[in-house]
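Now for the letters of each chain:
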Amino acid sequence: GYAVKKGEQAFRKWFSRINEMRSLLKKIPILALTATATLATKNKIVRALEMDTCEVINQSPNRKNTAYSVQAVTGGAHQTFGPITKELKEKTVSFERIIIYCQTIKICSHIYGVFKEEMGEDMYVSTGDITSGMVEMYHSRIDELNRDNIVKDFSIPNGHIRVLNATIAYGMGINCQGVKSIVHYGPCRNVEAYLQESGRAGRDCSDMCKAVKLYSNVMLKYCDEPMTEYARNSTVCRRTMLLSYFQSELYDIEKPLLLHECCDICQRHCHCDGTVYFLFGFGPHQIQQVLDNIDKLFTISDIHKYVDIWHPQIATEILVAITQVFEDTDFQDNDEFDDEKNDLLTFWSWGFDQDDELLANIPLELVELSETDVEEFESEV
């Protein structure tokens, strides 16, 4: 599906010309398979292969054991992943396995560096006679030995790697075990990639898993329209909206029995006592932080300083509640947040030091490219 969709690229052009071969093999049955494709992409494939009279067999890509969430970020990586590094230090190899997907090699390396800086020696555990890292990164430019070690460890549910920072290079065909959460630090360029990558959680179990997408307005400039719509949606069930791009029959979508296990939007309408802690949302951890620091919370800045909250709306709601009780904060009804102005996260261009050991062997040109562009770049040099 991807090859046909990107058929205009020089090194993929032959995929979009398979129809010419079919004209020479008129009596030979043809079977076309694709893993994840939207309705629009399926139509393109049918037209490109000139299979207008073909029979189409669809299987819903719905993953019932995955709860979806979308959250805006207004801080840098140190602030965003602070709670994860803290919990990883405490739980070590019992920490639930997470994949953090990044859109470029540069961002992937940067996030790895953040974990390394925050955790220091605590990032490593002893496994037998060797010391192994609980945090690794995976992209198209890492060496083959390291790549094989990561793939092998992730094929074991209880492997020592608990956090994997990865690009789309960690993709289809890889045996992925024990992953309970997928975090996208920046949205994918399209919903097909997002569905594939978020689907790597919960493959080997029926336990409730989470797919959290973090974004800013800057990031959305690089996404297609469906991905942007999905990120900015605040009223429609995320599962329903995501699947609407892939299947026309939405009436029979199978959802979790409990609304809070479906998505962050459905969770608002759930009246049971359960909840899914969406990693960067407002849960028991944040409630305790508010109670512990209530004497210090007078402004939005105070909320961000003392409570692990990065969504401006949630921070505002916390301050409103405090104001209603104590009436001594600096909150004003006309307080507004300009996502562009407050966006401390730049999607494609962090400060880059060519002497950084993490990036020493990566050509500068590749660091600025997304993984979807790397293969095209390498084919031209």
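Treat the numbers as computed from the prediction; the structure is a model and nothing was measured.

The rules behind the values
- Residues numbered from 1 in each chain as written.
- Predicted model: local features only at pLDDT ≥ 70, side-chain atom pairs only at ≥ 80, totals over all residues.
- Heavy atoms only, no water.
- Helix = DSSP H or I, 4+ residues; strand = E, 2+ residues; numbered from the N terminus.
- Buried < 20%, exposed > 50% of the residue type's maximum accessible area, 1.4 Å probe, protein only.
- Polar contact = N/O pair within 3.5 Å; in protein donor to acceptor, adjacent residues only side chain to side chain.
- Pairing = 2+ DSSP bridges.
- Axes fitted to C-alpha atoms, helices over the stretch in contact; angles between N-to-C directions.
- Contact = heavy atoms within 4.5 Å.
- Phe/Tyr/Trp six-rings, centres within 6.5 Å; stacked < 30°, edge-to-face > 60°.

**Q** Sorry if this is basic, but what is going on with the side chain of Arg 97 here?
**A** With respect to the helices, strands and loops of the structure, Arg 97 is situated in strand E2 (residues 97–101). Accessibility expressed as a relative area gives 0% for Arg 97, which makes it buried. Within the structure, the side chain of Arg 97 is placed 3.1 Å from the side chain of Asp 153, a separation counted as a polar contact. At 2.8 Å, the side chain of Arg 97 and the backbone oxygen of Gln 177 are in polar contact.

**Q** Would you take a moment to explain the sheet that holds strand E5 (residues 135–138) for this structure?
**A** Picture the strands of a sheet paired through backbone hydrogen bonds; they go either parallel or antiparallel. Ordered by their spatial adjacency, six strands build an open sheet running E1-E8-E7-E2-E6-E5, and the pairing between neighbours is parallel. The sheet terminates laterally at strand E1 (66–72) and E5, the two strands that pair on one side only. For this sheet, the mean angle separating the axes of adjacent strands, direction not counted, is 15°. Of the strand pairs in this sheet, E2 and strand E6 (residues 163–166) are connected by four bridges, and their pairing is parallel. Across the sheet, Ile 100 pairs through a bridge with Asn 165, a residue of E6. With respect to the sheet, helix H6 (residues 105–119) is in contact with E2, E5, E6 and strand E7 (179–185), its orientation differing from that of E5 by roughly 170°. Helix-sheet contacts for helix H8 (residues 191–198) involve E1, E2, E7 and strand E8 (209–215), and the interaxial angle to E7 is about 150°.

**Q** Could you clarify how one ought to interpret the packing of aromatic side chains in this entry?
**A** The geometry of two aromatic rings is summed up by the distance between their centres and the angle between their planes. By the definition in use, this model includes five aromatic pairs. Measuring from centroid to centroid gives 5.2 Å for Tyr 138 and Tyr 170, while their planes differ by 80°, and the two rings are edge-to-face. Placement of the pair is Tyr 138 in strand E5 and Tyr 170 in the loop between E6 and E7, with a sequence separation of 32 residues. Residue classification places Tyr 138 among the buried residues on the basis of a relative accessible area of 5%.

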